[in-house]
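Results of the structural survey
Chain by chain, the residues run as shown.
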Amino acid sequence: MPFMSLKFNLQKRVKLAQGLWMLYWLAVIVGIIIFSLGIFFKIELRKRSEIMDNNESHLVPNLLILLGMLSCGLNAFGGKLCHESLDPQKFSKMKPMLKPYMLLSCGFNALLLLLVLLCFLMQFAVYLTLAEGLKNAIRFYKDTDTPGRCFMKRTLDMTQIEFRCCGNNNFRDWFEVQWISNRYLDMSNDVVKDRVLSNVEGKYLMDSVPFSCCNPGSPRPCIQHHLTNNSAHYDYDHRIEELNIWNRGCHQAVFSYYSSIMNSIGALLICTIILEVRLHTGLHHRPLQPVGM
Amino acid sequence: MALMVVKFDLKKRVKLAQTVWFMYWFAVLAGILVLSLGLFFKIELRKRSELMDNNESHFLPNLLIAMGLIACGMNAFGGKVCYDSLDPIKFAKWKPMLKPFLVFCLGFNALLVVTALLCFVMRIPLQFTLAEGLKNGMKYYKDTDTPGRCYMKRTLDLMQMEFRCCGNDHYRDWFEIQWVSNRYLDFSAKEVKDRIGSNVDGQYLMDGVPFSCCNPSSPRPCIQHQMTNNSAHYSYDHYTEELNVWRRGCRDALLSYYGGIMNTIGALVCTLNPLQVAVTIGLQYVDSSLSTLANPEDIESESEGFLLEKTVKETFTDIMAKMKAMGKGTKVEEGGEEGVATPQEGGFSS
């Protein structure tokens, strides 16, 4: 007994072929969307590869691009098959290609399922890469004269402004690194000498943050320096001050951005799988008897 | 003698109708494009209306939206007429409306040219609105506790960061106003009292700029305060320092942004105008070719299509004569009403 068999007359077969043909073209458009989402995701990863230590994994966007192109090709061919099934002569030409096409489609669906899993699992990799990358970015912030790192300051400042965040986990990460280059420190000054000597590694540490941590929504002009010293500023209490600088850490902010992209792509892929399965069951019913016989 | 006569047989007529129908759908898309550009421009003006004193002119985006809507409707109707022109019964329904529709199309095309011109000209009032608005924006920067102005600081900070600019013309504009609110100034401190006493208006002026003026590309951490005091910072010369804060003025930046949008929209409307003219001409040919059939019963007979029924001069004199007749007609009616009181022999002429 065949699996899930249905009875068809001529009218029903024509209607099925037409409906399938439209769905195949919808699937081609979905394939194009997957392709462009892959390119978008790749560009987004590339834009911020500097804060991910240049070793972020491009597996998911590359697979998306590949599967998008495959989907376009497969579904266009499927649409052509449907179109020609209305003409018995043309259909007899196509008949031998049907079985391999169905097998290829099954394989394609399996790949799509794998990609959905990857979309959700690779978020862990992004999380870890970001943590490491941001830590290094904050360390190299001052190295604007070192080749290969001279744009780190600009990248990190733009990231903090765009994502409204400060530091790795919070703004206190800036207190632990020297983010002013030695070129701009007057080493003959007593204050500077004291600070440099006050810690083991000889770093110029201070309780200040870069300007990009400032929150424009604060009612008062931004307080960047002497953040933990209440007496340095009039009417200021660093324990209750909330609007002065961004409270969120960039790790969380950037990760939630990428996580939302990957979740949306995963959801779209699940819808694509459902559409593809529907199409292939439809096509499977088609070739039992072509129209006109 | 008709203007620009073209001979048509059935095949040519069908091809003409199909081409014009196709072009009408492009024109509908163009209308949708103009509509969305108008909406985009309106939203952009609204977003920054705070910096323009809330009295920027929305005339141009409103006009674009209206033109886009009219274009869509008109071109959809024209397309339907072309589609129906292949069926004489359906076409007979539309025939009486065609002449006024074509005149309306001509008027619309003229309006389109005016809109394109306005896109380039309206830059000038925008310049003045921006200058005034930004000056006030900076004045109200510190008033974060005054209702109606409490978001000015945020708006201005975000704008300076987004457009990479500082101050109205130059970053020194910030030196001339007090941008720190009195709430955050310690009036018992000597330094504050000195500064306030040092100028006539009693304002706390300083040679500093807000953080949003800082340029992230600068190799050194941003120097916002005591900018003109070289000795306050190590290895700093404010005459040669270029990357520290943004050097461009915000009026210049905003004007070039909005000017760019308006130029693009103006150029687009200019390129869409020939399309609109072409479909109008096409519809005129469709209409004229169907009304001059050699044998009205036989749709396969030959016909002639023309742009104008008579030469340009004759058409013009015809229009003037019609307008005069209309004017005379109303005058005669008034005379006729007066004649009712008097004996009816005067009457009105036929």
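Position labels on residues start from 1 in each chain and follow its written sequence. Chains carry letters and ligands carry numbers; both start at the beginning, A for chains and 1 for ligands, and go up in the order they are written. For this predicted model, a pLDDT threshold of at least 70 governs which residues receive local features, and a threshold of 80 or more governs which side-chain atom pairs are given and counted, while totals over whole chains, interfaces and linings are taken from all residues. The basis for every side-chain value is the complete set of non-hydrogen atoms in the structure, without hydrogens or water.

**Thoughts on the environment of R123 of chain B**
Rule in force here: Secondary structure elements are taken from DSSP: a helix is a run of H or I of four residues or more, a strand is a run of E of two residues or more, and numbering for both begins at the N terminus. Two residues qualify as a contact provided that any one of their heavy atoms is within 4.5 Å of a heavy atom in the partner residue.
Within the element layout of this structure, R123 of chain B appears in helix α4 (residues 123–139). With residues up to four places along the chain from it excluded, the contact list for R123 of chain B reads L255, G259, M262 and N263 of chain B.

**Here's the deal with helix α5 (residues 152–163) of chain B**
How we decide: Under the convention used throughout, the expected extent of a helix is 1.5 Å for every residue step, that is, one less than its residue count. For each residue, the accessible area found with a 1.4 Å probe, counting protein chains only, is set against the maximum for its type, and the residue is called buried under 20%, exposed over 50%, and partly exposed in between.
If you check α5 of chain B, its first and last C-alpha atoms are 16 Å apart, about what 12 residues at 1.5 Å a residue would give, namely 16 Å. Burial analysis of α5 of chain B places 9 of its 12 residues in the buried class, the great majority of the element. Among the residues of α5 of chain B, M152, K153, T155, L156, D157, M159, Q160, M161 and F163 of chain B are the ones counted as buried. Of the surrounding elements, those touching the buried residues of α5 of chain B are α4 (152–163) of chain A together with α4 and α7 (250–291) of chain B. Positioned one or two residues after α5 of chain B, R164 of chain B has a phi angle of 55 degrees, which is positive.

**Some remarks on the UniProt feature "transmembrane region" (unreviewed entry) in chain A**
Residue and element names in this part refer to chain A. Inclusion rule: UniProt positions are given in the numbering used here, feature names are shortened, and annotations may be inferred rather than shown by experiment.
Within this structure's numbering, the places UniProt gives as "transmembrane region" (unreviewed entry) are residues 21–43, 63–82, 103–130 and 257–277. Its end C-alpha atoms 28 Å apart, residues 63–82 is made of 100% helix and 0% strand. Its end C-alpha atoms 31 Å apart, residues 257–277 is made of 100% helix and 0% strand.

**Observations regarding the packing of aromatic side chains**
Two descriptors summarise a pair of aromatic rings, namely the distance from one centre to the other and the angle between the planes of the rings. All names here are of chain A. Cut-off, in case you're wondering: Ring pairs shown here join Phe, Tyr and Trp side chains whose ring centres sit within 6.5 Å, with only the six-membered ring taken for Trp; geometry is labelled stacked below 30 degrees between planes, edge-to-face above 60, and tilted in between. Ring-over charges, as used throughout, are those where CZ of Arg or NZ of Lys falls within 6 Å of the ring centre and within 35 degrees of the ring normal.
Applying the stated criterion across every chain yields a total of 23 aromatic pairs over all chains. Between Y141 and W179, the aromatic rings sit 6.2 Å apart at their centres with planes inclined by 75 degrees, giving edge-to-face as the arrangement. Taken as a pair, Y141 in the loop between α3 (88–139) and α4 and W179 in the loop between α4 and α5 (190–197) lie far apart in primary sequence, 38 residues in all. Y141 gets classed as buried once you look at its relative accessible area, which sits at 2%. Put simply, the rings of F41, F163, Y257 and Y258 pair up and form one aromatic cluster. Here the basic side chain of R149 rests over the ring of F140, its NZ or CZ set 3.8 Å away from the ring centre.

**Some remarks on the interface of chain B and chain A**
Often the size quoted for an interface is simply the accessible area lost on bringing the parts together. Heads up, the rule is: By buried area we mean how much accessible surface two parts lose on assembly, using a 1.4 Å probe and totalling the loss over both. A 3.5 Å cut-off defines polar contacts: any pair of N or O atoms within that distance qualifies, except that in protein one atom must be a possible hydrogen donor and the other a possible acceptor, and neighbouring residues in sequence count only when both atoms are side-chain atoms.
Across the contact, 25 residues belong to chain B and 25 residues belong to chain A. Summed over both sides, the interface of chain B with chain A buries roughly 2,400 Å², with 67% coming from carbon and sulfur. Along the contact surface separating chain B from chain A lie 7 residue pairs in polar contact (both at pLDDT 80 or more).

**Overview of the confidence of the model for chain B**
Residue and element names in this part refer to chain B. We count it as follows: Along the chain, pLDDT gives the predictor's confidence residue by residue, from 0 to 100.
Per-residue pLDDT for chain B has a mean of 88; in total, 93% of the residues score no lower than 70. Per-element confidence in chain B ranges from a low mean pLDDT of 72 for helix α8 (residues 312–341) to a high of 95 for α5. Interface predicted TM-score (ipTM) for the complex: 0.84; the corresponding pTM is 0.83.

**So, the packing of α3 of chain A against helix α6 (residues 250–285) of chain A**
All names here are of chain A. Operational definition: Interaxial angle, 0 to 180 degrees, is taken between N-to-C directions of lines fitted to C-alpha atoms, where a helix line uses only the stretch in contact. Put simply, angles under 35 degrees are roughly parallel, angles over 145 are roughly antiparallel, angles from 65 to 115 are roughly perpendicular, and the rest are oblique. Amino acids outside the nonpolar list (Ala, Val, Leu, Ile, Met, Phe, Trp, Tyr, Cys, Pro) and the charged list (Asp, Glu, Lys, Arg) are all regarded as polar, and Gly is one of them.
Their axes nearest at 10 Å, the elements α3 and α6 cross at an angle of 175 degrees. As the angle between them shows, α3 and α6 are arranged roughly antiparallel. A per-class count over the contact of α3 with α6 returns 27 nonpolar, 10 polar and 1 charged.

**Some words on the nonpolar core**
Note on soluble globular proteins: their nonpolar side chains tend to be buried together. Our working rule: In these notes, a set of buried Ala, Val, Leu, Ile, Met, Phe, Trp, Tyr and Cys residues joined through side-chain atoms within 4.5 Å is what counts as a nonpolar core. Segment limits for the domains were obtained from an automatic or database-derived domain assignment.
Core analysis: the biggest nonpolar cluster contains 79 residues, and W174, V209 and L269 of chain A have the highest contact counts within it. Looking at this core, the elements with two or more residues in it are α1 (10–47), α2 (59–84), α3, α4, α5 and α6 of chain A. Top contributing element to this core by residue count: α3 of chain A, with 17 residues. Viewed by domain, this core spans two of them, domain 1 (10–141 + 251–285) and domain 2 (171–247) of chain A, each represented by three or more residues. If we ignore the near neighbours within four places in the chain, the residues touching L269 of chain A are I34, L64, L112, L115, V116 and C119 of chain A. Listed in part, the 73 residues of the second largest apolar core include L51, Y171, W246 and A253 of chain B.

**Side note on the UniProt feature "transmembrane region" (unreviewed entry) in chain B**
Residues and elements named next belong to chain B. When the UniProt feature table is mapped onto this chain, "transmembrane region" (unreviewed entry) is found at residues 20–41, 62–81 and 101–121. Regarding residues 20–41, the helix share stands at 100% and the strand share at 0%, and the terminal C-alpha atoms are separated by 31 Å. End C-alpha atoms of residues 62–81 are separated by 29 Å, and the span's content is 100% helix alongside 0% strand.

**Re unusual backbone geometry**
What you tend to see is this: most non-glycine residues have negative phi, and most peptide bonds are trans. Positive phi values are uncommon outside glycine, yet R164 of chain A reaches one of about 55 degrees. On the secondary structure map, R164 of chain A appears in the loop between α4 and α5. Of note in this structure, S235 of chain B is not a glycine but carries a positive phi near 55 degrees. Within the element layout of this structure, S235 of chain B appears in the loop between α6 (190–197) and α7.

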